[in-house]
Amino acid sequence: MAEHPGISLVAIRFLFHPDTQEALTPDPHPYSNSSLDENFLAEFKNKTSHNSSVKLEERVVKNAAEAIEIIREYRRCTMFVVGRKPEGQLVAGLSPRIEFPELGPVGGLLTCAGFPTAASVLVVQQKPGRFQTQIFPRKS
């Protein structure tokens with residue numbers, strides 16, 4: 001699927017505006033999810049920089065409402081891949097809106113009656129206690 005010329009991937013990373021509290025709070029744990037996220041994203045950018053069908057968009061938001069509006073911009077997509085248990089202040093703003101907790105906050109938003117899309121939603125969850133540092137396997 002990844003090599004099909006008609007398929008493109010847009011990964012969206014939400015960043016908080018510098019005025020928000022979470023953006024100003026450093027993570028004291030060197031092996032926390034945020035440092036693992038940073039490592040993954042750096043490797044993702046490096047491995048996909050040559051591929052025009054894959055791009056990472058970093059969008060700055062101040063609150064969950066702005067994130068929802070950005071997600072609505074992608075309503076024509078045919079598939080969304082979302083995390084089941086993402087963390088952070090942005091997710092806390094989305095959580096009260098979800099009807100199906102097993103889909104996670106973004107998956108719940110995408111499947112609600114008021115969201116204008118007929119896309120498939122793939123919900124992924126990291127196995128607790130298992131942090132894989134090698135994101136892209138090395139080819140021999």
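Scroll up to find the structure.
Rules used in this analysis
Residues numbered from 1 in each chain as written. Predicted model: local features only at pLDDT ≥ 70, side-chain atom pairs only at ≥ 80, totals over all residues. Heavy atoms only, no water. Helix = DSSP H or I, 4+ residues; strand = E, 2+ residues; numbered from the N terminus. Buried < 20%, exposed > 50% of the residue type's maximum accessible area, 1.4 Å probe, protein only. Contact = heavy atoms within 4.5 Å. Areas by Shrake-Rupley, 256 points an atom, 1.4 Å probe, with all protein chains shown as cover. Salt bridge = Lys/Arg side-chain N within 4 Å of Asp/Glu carboxyl O.

J.: Got a sec to walk through the overall build of the protein? Specific residues and values, please.
T.: Of the regular secondary structure elements, the protein holds five helices and four strands. Counting helices and strands in the order they occur from the N terminus, the protein gives β-α-α-β-α-β-α-α-β. Within the protein, the fraction of its 140 residues that count as buried is 22%. Contacts in the protein between residues at least 24 apart in sequence constitute 69% of all its contacts with a sequence separation of at least 6. On the protein, roughly 10,200 Å² of surface is accessible, and the fraction owed to carbon and sulfur atoms is 54%.

J.: Talk me through the pattern of salt bridges; I want residue IDs and the actual numbers.
T.: With the rule as written, the count across this model stands at seven salt bridges. Its salt-bridge partner being Glu-57, residue Arg-59 comes within 3.5 Å of it at the nearest N-O pair. Residue class for Arg-59 comes out partly exposed when judged on its relative accessible area of 22%. Among the residues examined, Glu-57 registers a relative accessible area of 17% and is labelled buried. Linking Glu-69 and Arg-72 is a salt bridge whose minimum nitrogen-to-oxygen distance equals 3.6 Å. Placement of both Glu-69 and Arg-72 in helix H3 (residues 64-72) is noted, with a separation of three residues, approximately one turn of the helix. Taking the relative accessible area as the measure of exposure, Arg-72 reaches 23% and is therefore partly exposed. Connected through salt bridges with shared partners, the residues Arg-13, Glu-38, Lys-45 and Glu-58 form a single ionic network.

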